[in-house]
Structure formats: C-alpha cells, structure tokens
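Listed below are the residues making up each chain.
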Amino acid sequence: MTLELFLQNLANGIAVGSLYALIAVGYTMVYGILRLINFAHGDIFMMAAYFTFFGVAVFHLPWYFACIFVVVLTAGLGMLIERVAYRPLRDAPKDSVLVSAIGVSFLLENLATYIFSGKPKAFPDFLGLMSTISLGTVSLQKVALVVPLVLVVCMSILLFVTNKTKLGMAMRAVSKDYEIARVMGININLVIAATFGIGSGLAAVGVILWGMKYPQVSPLMGVMPGLKCFIAAVIGGIGNIKGAVLGGFILGLIEVMLVAFFQPLTGYRDAFAFILLILILLVKPTGLIGEKTTEKV
Amino acid sequence: MKKIAALLLALVMTAAAFSGCKKVETASGSGETGGDTIKIGVFEPLTGANAAGGEAEVEGIKIANKLYPEVLGKKVEIVVADNKSDKAQATTAVARLIEKDKVSAIIGSWGSSFSMAAGDLVKKNKVPAVGASCTNPLVTKGNDYYFRVCYLDPFQGTVMANYAFKSGAKKAAIIQEVSNDYAVGLATYFKEAFVKLTGDPNSVVTTVNYNTNDQEFGAQLSTVKAANPDVIFAPGNFTESALVMKQARQLGITVPFLGGDTWDIDEFTSVGGTDVEGATISTFFDDSAPVTEEGKKFVEAYKKEYPDKNMAAVSALGYDAYLVIIKAIEAANSSDSTAIRDALAKTKDVEGATGKLTFNADGDPDKDSAIIKVVKNGKFTYKDTVTVAK
C-alpha cells in the first residue's frame, strides 16, 4: 500500500462517509423525537430520486428550482406518510408503528416498481458535480467536496432549529415525553409533522448529492442506503445528530478501507456493516456519543 | 383511522402478490385454461437489479408466442413469474410455475445464478427448462432437465481474452462481481485464456471484487489504477458495470473496458453515458445482420412491436428458447413434461434467430461464433464476428 493509494482511499472513504452522514441525520432526527425507527426513510429517499429524475430529465426545470421542488415534494411526502400511517397509531404500542413503517416501506417500493418499472434510469448531472478534479495524485469527484459543505450547513441549521427556536423547544419537549407535552398545550401533531418534513427534506438533499455520485435511479435503490444510514445512526448513538454524522464517517471510512486493504473480503462489505451494528449494540448500545436514556416508569 | 392503516396494509399485500405472478394472455386473447391450452412458464427478473435484462428476454418470448401461438392444435399460454433478481425468489417463482400453474416447460432465466438456483426443482419435478441467456456451464451440467440456447462462459471468456490479446494488450486487470456466478465464471476463463495467449503467468496484474447491488467502487478502482493495466475485463451485471466505468473514468482510468453479453442492453448505455463509450463486449445476436431467415422474421416482428427500442441480444435468445420448446412439443406430439424433455434432448438443426441449434449431451447448443460489439455514440454497434474453436 503506497501513500498515494492510501490518500486516494482516504478521500474515497470521506466522500462515502459524508453522504452516509447526511442521510443518517434525517434518520436520527425522526428517531430522536418519536423513538420510531422509520424504516421507510430509505424509500422516501428513493422517491426523492424519482422526483429529481422527473423534475430535471423530464420537465427540464432549472437546477435551483428543481432542488426546491424535490425538497418540498419529499418533505410533503414525509408529512403525508406520517399523517396516514403513523399518526393514527400514536397511542398504539410501539410495535404497531414499526410494522406500519415496514408496510409503508414495501408500499413505496412496490408502488415505484409499478409506476416507474423496475428498470434503472440515469440520474441527470444537473448541478455539474459529476466531473472530476485532481488534487495532486488524488482524483475526486466535485460532489465529494460539496457534500461536507452541505452537511455542515444542514447540521448548523438543524442545531439552530432544535436549540434556539420555539419549534425546536417543542421538539425537545415532545422527545422527552409527548404525553406531558400534549398536556402542556404543545400541538404535538404539528411538531411531529414538522419533524417528518425536515427529516424527509434532508433525505431529498441527500439523494440529490447521492445521485451525483451514483447516477442511477431504481425502485430498490433506497434499501441499502437506508440500512447503512440506520447503522451509522446507531454507531454514533441513535437520536443524536452529531452522533449520526460521526457514525456516517466511521462507517464510510471503514467500508472503503476494508475493501482497499483486504481485497478477498470485498464480498462481505455489507455483512461487515451489520456485524459492526451487532457489536455496537452488544458493547455500547447507546452508541459512541449517545446519551443514556433513563427508562420511564 | 385504524381503517386507513388496515387499508394501507392490504394494499401493500396485494401489490406484493401482483408483482409475483403475471399471466399473459395468448395472442388471440382467449382466457381458456385446461385441455385446450399448453402452458409454458417463464421466470425472469422483472424487478430488481436485472429487471431490464429479464424484460428484454420476455419481449422476445412474447414475440415468438405471437408468431407461433399454437402447437398441436392447442393454444400456447405464457405464464410469467418474477424472480426479483434474487436467487431465493428464483426457486419460489419456479416452484409456483410448476405447482400452481402446472406448466409443461419453463423458459429462463437471465442470470446464471437464478437458473442454477432453480435447477434442482426443475430436475426433481421433471419439468424441462430451457435457459435463454444463462451462460454458466453449471446450469446444464449434471441436470438432464436443463437446456439452453446460448453459448457458454468458457467460450465467451476465451473470445474476450483473444480480443484483448489481438488488440495489443499485455497486462489485464479483472474486476468481477464476486457474488454473481456468471461474472466469476467469465473472469476465470478469461484469465486462463489470457495467460495462455501471453505466455506470462503474471499477465493478469490484479483481480478485484465487488458485490451485486454495490454502488461504491472507489477502493477497488484505486487498486486497479495502481496496477496500471492495458485493458480491464469487468464482467458483471449492467447496472453495476455502468457505475464501475463511470467511477473509473472519474478516477482517471482511461484504458478500455471489456465485458460480456450482459451489457448489451439500452440501460447500460443510458446510465453509463459517455463514460461507457468504447466498451467492448461479446454477444449473441446483431439485429442489423441476422444470420438466418428466422432471425429476419424476428427482427421484423420486433421492430413492429417495439419501434423505439434498441434490440437486446437476449430478446433473440428468448425467442429461440420458445421456438425450441414448441419444436420439441411437436416432435413429442404431447404436452407431457417428460416427453418434451426427451424431445428437447434430441434437438437437432432447429433454425432459430441466433443460428441453427443442436444440443449436445449436456443440453448446450453447438455454437462456435460470437459477435463483438462496441459502444459508439451511445449505442452498441457491430464490430466483428469471431469464431473460436472450443
């Protein structure tokens, strides 16, 4: 392993990791507020990819308009799903909501297959980020440089919203105990809908950049990213925004390095991610920087 | 509110059920079943990573069914089952065709892995299967009930090694889809032939792996770039392969890519864009120069049915698989599965779209030439026909 190769792989790892991080943040937010693992997150991500495809390749929207269109539409889809599939089960046991989430996931996958066919479509390079630039001996796609920036911006906005605004205060209250929050006069339906909107909007931002790196749209494209980002969120400590970012980077780097240094193990790349998940759950279930939650009695 | 949730769940389940099995009416549109129809099952990936390939094969089969809707005075009904580009689903789909739909014979599947997964079931239930584009030797080996109309991986791997050597390559790198039997087979035979041709045991400078459904190949490609090959042989599914080539170009790898028949499909060039320009493959059929009368007939019917599509070679193979089964039913004068199998084994000089078909003892066709195509201006164009002694 030469230094050159190591640097290239480091760059590859950071590029993948920052994408994981971006999507994991949306995942972790919904969990943080609702204590619900939204298994449909990866499929919302997939739907956002189709929105982008139709917005740009079919309707030829200008790029800035396309981005807004996709984010707004996806946020709307997230809120709709919350309204239809999760809100009716608000007072039902947690298991029912989980089953409902899995149902939504299957519904979106099958719906997309039915409407758009199972065949992959090319993701358009409407931001001009697919081209490559070289930094010394290291080649990188332009999008790899943009993702960390977008990540920082999104994270700052998110931290600002949750820590400094009234909505954020309400979110934190709901995450502590939504029964009490409701009694205290917080409109929890509004807060939870907003959470889903923001989480789904982040998935849309994620997919726009993801598509620049992996330019292919298909109905099952959200399954693996969804699982990987769930793992990233758990590694960092699910529910914790900074943890999700950390987890994303760790997972991305480890995956790339595993493939780079241990060629014969390439086939076990996904398996490795799951082993990592199991290890974290066994050794430190709260994740690397997650807080310990006290069980409510 | 609970009603809505229940409704949603019901929707999901019906959607899942519908995606499992689809019945295709015969050309004349009669829905009769029972004594008047002979059912031929088709299991192909219609969703998932290989969907475009499966769809292309089904197109060919449907056209064959349109041109030859009857045999022994009975209508032929095609029952299509989706194997979802998944080995486990492939066995489920075949089991369903055999047990529920009671088909007389089966066509499929795109992807040697899926065909091999279904092999045992076919053998156990004594229902003959004819593969269209499954090229791995193990599909038919030791299985009296599996036949195929395409040539095999050892042949295809050798063809591409010859092509690479003739175009002046001394060092080759291999990027293989390690979880795909087809890709691994092709890579193995390529390596064997390439080493023999160059006389240099180290002429394959590196072999890297990736998994089906992977999207990130930076690490593998960095290794390949460091090994500095003259040519890269990268057999695999078209979805991943197009991304492999895109990412290779982004990493500054400029050497030519060679692959196999799986890339010969519109989605490969549409996803790959300019980055797959120059990619070279071996394939089964070229619609610009059909070699047989049957081929001309097929191309004409295809162009009429799908005027906007570039034909994939596997469509012609799907057509041939159907034809071979119809001929066998005629020869057996029966729709009994075992009788059809015995007739299939005796297939000799049946004219198909891709050439004359004669099955050997393994149930493989006696083919010795392959067509080389290159991506030019975003389309696969004919380059050469190569004949290699087996």
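Quick notes on the rules
- Residues numbered from 1 in each chain as written.
- Chains lettered and ligands numbered in written order.
- Predicted model: local features only at pLDDT ≥ 70, side-chain atom pairs only at ≥ 80, totals over all residues.
- Heavy atoms only, no water.
- Core = buried A, V, L, I, M, F, W, Y, C linked by side-chain atoms within 4.5 Å.
- Buried < 20%, exposed > 50% of the residue type's maximum accessible area, 1.4 Å probe, protein only.
- Helix = DSSP H or I, 4+ residues; strand = E, 2+ residues; numbered from the N terminus.
- Contact = heavy atoms within 4.5 Å.
- Phe/Tyr/Trp six-rings, centres within 6.5 Å; stacked < 30°, edge-to-face > 60°.
- Lys NZ or Arg CZ within 6 Å of the ring centre and 35° of its normal.
- Salt bridge = Lys/Arg side-chain N within 4 Å of Asp/Glu carboxyl O.
- pLDDT = per-residue confidence, 0-100.
- Pairing = 2+ DSSP bridges.
- Axes fitted to C-alpha atoms, helices over the stretch in contact; angles between N-to-C directions.
- Arc of directions from axis to C-beta.
- 1 Å grid on protein atoms, 1.4 Å probe; cavity = no way out; pocket = protein on both sides within 12 Å on 5 of 7 lines; lining within 4 Å.
- Points joined across faces, edges and corners; volume = space filled by probe spheres on them.
- Nonpolar A, V, L, I, M, F, W, Y, C, P; charged D, E, K, R; others polar.

Undergrad: Sorry, what's going on with the nonpolar core here?
TA: Across soluble globular proteins, nonpolar side chains have a tendency to be buried as a group. Membership of the largest hydrophobic core comes to 104 residues, with the highest contact counts inside it found for Ile175, Trp263, Phe268 and Tyr322 of chain B. For this core, the element with the highest residue contribution is helix H11 (residues 313–332) of chain B, accounting for 13 residues. Beyond its immediate stretch of four places on either side in the chain, Tyr322 of chain B contacts Ile40, Ile61, Ala64, Asn65, Tyr68, Pro69, Val76, Ile78 and Ile107 of chain B. Within the second largest apolar cluster, 86 residues are counted, among which are Ile33, Phe116, Val147 and Ala260 of chain A.

Undergrad: Honestly, the packing of aromatic side chains in this entry has me stumped. Any pointers?
TA: To describe a pair of aromatic rings, one takes the distance between the centres and the angle between the planes. Inspection of every chain in the model, using the stated rule, returns 25 aromatic pairs over all chains. Ring geometry for Phe123 of chain A and Phe126 of chain A: centres 6.5 Å apart, planes at 50°, overall tilted. Judged by relative accessible area, Phe123 of chain A falls into the buried class, the value being 5%. A ring pair is formed by Trp110 of chain B and Phe238 of chain B, whose centres lie 6.1 Å apart and whose planes are at 75°; its orientation type is edge-to-face. Of this pair, Trp110 of chain B sits in the loop between strand E5 (105–107) and helix H4 (112–125) while Phe238 of chain B sits in helix H8 (residues 238–250), placing them 128 residues apart in sequence. By the burial criterion, Trp110 of chain B is buried, and Phe238 of chain B matches it. Over the aromatic face of Tyr145 of chain B sits the side chain of Arg341 of chain B, whose NZ or CZ is 5.6 Å from the ring centroid.

Undergrad: Looking at this structure, I do not really get the pattern of salt bridges. What am I missing?
TA: Side chains that differ in charge, positive against negative, can pair when their charged atoms come close. The full count for this structure, using the stated rule, is 20 salt bridges over all chains. A salt bridge links Glu55 of chain B to Lys119 of chain A, with the shortest nitrogen-to-oxygen separation between them at 3.1 Å. Linking Glu55 of chain B in helix H2 (residues 51–67) with Lys119 of chain A in the loop between helix H4 (94–116) and strand E1 (121–122), this pair reaches from one chain into another. Take Lys119 of chain A: its relative accessible area is 14%, and that puts it in the buried class. Of the charged contacts in the structure, one is a salt bridge between Glu293 of chain B and Lys296 of chain B, with a shortest N-O distance of 3.3 Å. Of this pair, Glu293 of chain B and Lys296 of chain B both sit in helix H10 (residues 293–305), three residues apart, which is roughly one turn of the helix.

Undergrad: Can you help me understand the confidence of the model for chain B in this one?
TA: Segments scoring low in pLDDT should not have their predicted coordinates read at a detailed level. Residue and element names in this part refer to chain B. In this model, chain B carries a mean pLDDT of 86, and residues with pLDDT of at least 70 account for 91%. Segment residues 18–33 is flagged for pLDDT under 50; beyond a separation of four residues in sequence, or across chains, it makes 37 contacts in the model. The ipTM assigned to the predicted complex is 0.73, against a pTM of 0.77.

Undergrad: Any chance you could explain the sheet that holds strand E15 (residues 369–376) of chain B here in plain terms?
TA: For sheets, the rule is that strands pair by backbone hydrogen bonds, running either parallel or antiparallel. Residues and elements named next belong to chain B. Taken in spatial order, the seven strands line up as E9-E8-E10-E11-E12-E15-E16 in an open sheet, and their pairing is mixed. With one partner strand each, in any of the chains shown, strand E9 (204–210) and strand E16 (379–387) form the two edges of the open sheet. On average, each strand axis in the sheet is inclined to that of its neighbour by 25°, with strand direction left out of account. As paired strands, strand E11 (residues 257–259) and strand E12 (residues 280–283) are joined by two bridges and run parallel to one another. For Leu258, the partnering residue across the bridge sits in E12 and is Thr280. Helix-sheet contacts for helix H7 (residues 218–227) involve strand E8 (172–177), E9 and strand E10 (231–233), and the interaxial angle to E9 is about 175°. Contacts from H8 reach E8, E9 and E11, with the element oriented near 170° to E11.

Undergrad: When you look at helix H6 (residues 166–176) of chain A in this model, what are you seeing that I'm missing?
TA: For the α-helix, the turn length of 3.6 residues means that residues three or four positions removed from each other point alike. Residue and element names in this part refer to chain A. If you check which residues of H6 are buried, you get Gly168, Ala170, Met171, Val174 and Ser175. The buried residues of H6 occupy an angular sector of 160° when the element is viewed end-on, so they sit on one face. The outward face of H6, more than 90 degrees from its buried face, is lined by the exposed residues Lys166, Met169 and Lys176. For H6, the elements touching its buried residues are helix H1 (3–34), helix H5 (142–164), helix H7 (178–183) and helix H8 (188–213).

Undergrad: Got a minute to help me understand the environment of Phe69 of chain A in this structure?
TA: Residues and elements named next belong to chain A. Relative to the elements of secondary structure, Phe69 occurs in helix H3 (residues 63–86). Between the C-alpha atom of Phe69 and that of Thr195, which follows or precedes it by 126 residues, the distance is 19 Å. In this structure, Phe69 is in contact with Phe51, Gly55 and Leu61, ignoring residues within four places of it in sequence.

Undergrad: Before we go on, may I ask you to explain empty space enclosed by the protein in this structure?
TA: One simple way to see leftover space: roll a probe sized like a water molecule over the atoms. Applying the stated criterion to the full structure yields one cavity of 30 Å³ or more. Lining the largest cavity are 13 residues; nearest its centre among them are Asn12, Gln141 and Lys213 of chain A together with Gln250 and Leu251 of chain B. Looking at the lining of the largest cavity, the elements that each hand over two or more residues are H1 and strand E3 (138–141) of chain A together with H8 of chain B. Its residues placed into classes, the lining of the largest cavity shows four nonpolar, seven polar and two charged.

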